[in-house]
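# Residue-level structure breakdown
Spelled out, the chains give:
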Amino acid sequence: MSEMNRSGSFSTELTFNGYLSKVFSRMGMGLLVTAVVAFLGSATGFYYNFLVATGGFGAWIFFIAELFIAGSMSRSVMNMDARKTNILFYSYAAITGVTFSLLLTYYETTAWSAFAFSALLFFCCAVIGKNTDKDLSKFSNLFLGGLIALIAASVLSLFIPAIANSLIVCYVGVLLFLGLTAYDVQRLKMFYIQSNNGYGQLGESLATYGAFQLYLDFINLFLYVLRILGNRRRD
């Protein structure tokens, strides 16, 4: 296993399975941070009160902060200190937890059911991504097109309520992020090779970045599953 030596540097190489364990453990910690912050935020009403106090404008502060963190990690991960990468990732997870506190308040027990179902789907696709011999990078353009289409649908939903409540969009979102989960797990092999078998600062940074990518896949999958289950509950 790769551990820090007394001088503070990372010295030992990892097996690929060990590297995967590190990535998924960091992703799990990110989800735990989000869940804890969301629970506390729901119990205290912090985010709701903040939105009321700022007239709704406060939501943009958190949104811009998330965009800034995601952009910083994507642009600089190859040269970023491993500790800074970790700080950015867990900061993003905490900010997401703040915004998710409203989901717990609105959806209540449905949110936990959606989380459990999303975790099962995510695990199955992660296993596929790790074990398949098919090169999923061939579908990268399809994934990109799907993301653009979902972003466009999200923008249109601001003006067309029917799109916001469309189950078709939700099911497309679920399928897209299941595919991206398998794709991103397969990409971890590339990160592993790029970092000389998980070695050094680059190995640590790419492990955290891989965890961040999978975290985003899971969070988006969860949101679409939650919308599906939430619509069924209202029906």
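Just so we're clear, the structure is a prediction, and the values are computed from it rather than from any experiment.

Parameters and conventions
Residues numbered from 1 in each chain as written. Predicted model: local features only at pLDDT ≥ 70, side-chain atom pairs only at ≥ 80, totals over all residues. Heavy atoms only, no water. Helix = DSSP H or I, 4+ residues; strand = E, 2+ residues; numbered from the N terminus. Expected span 1.5 Å × (residues − 1). Buried < 20%, exposed > 50% of the residue type's maximum accessible area, 1.4 Å probe, protein only. Arc of directions from axis to C-beta. Core = buried A, V, L, I, M, F, W, Y, C linked by side-chain atoms within 4.5 Å. Contact = heavy atoms within 4.5 Å. pLDDT = per-residue confidence, 0-100. Phe/Tyr/Trp six-rings, centres within 6.5 Å; stacked < 30°, edge-to-face > 60°.

What follows deals with helix α6 (residues 140–157). In a regular helix each residue adds 1.5 Å, so 18 residues correspond to 26 Å; α6 covers 26 Å between its end C-alpha atoms and thus fits that length. Listed as buried for α6 are Phe143, Gly146, Leu150 and Ala153. End-on, the buried residues of α6 take up no more than an arc of 85°, which puts them together on one face. Every exposed residue of α6 that faces more than 90 degrees away from the buried side is listed here: Asn141, Ile148 and Ile151.

Glancing now at the nonpolar core. If you look at the biggest cluster of nonpolar residues, it comprises 63 residues, and the most contacted ones within it are Tyr19, Met27, Phe212 and Tyr215. Counting only elements with at least two residues in this core, the list comes to α1 (16–44), α2 (46–53), α3 (58–76), α4 (82–107), α5 (109–131), α6, α8 (167–194) and α9 (200–234). Counting residues per element, this core draws most heavily on α9, which supplies 16 residues. If near-sequence neighbours (up to four positions away) are discounted, Phe212 is found in contact with Ala70, Met73, Phe89 and Tyr92.

Any residue range with low pLDDT should be treated as having predicted coordinates unsuitable for detailed reading. Here the chain shows a mean pLDDT of 87. Residues at 70 or above account for 91%. The least confident element of the chain is helix α7 (residues 161–164), whose mean pLDDT is 71; the most confident is α1, at 94.

On to the packing of aromatic side chains. Enumeration over the complete set of coordinates arrives at 21 aromatic pairs. Where Tyr19 meets Tyr192, the ring centres are 5.5 Å apart and the plane angle is 55°; that geometry is what we call tilted. One end of the pair, Tyr19, is in helix α1; the other, Tyr192, is in helix α8, and 173 residues separate them in sequence. An identical accessibility class is assigned to Tyr19 and Tyr192; each is buried.

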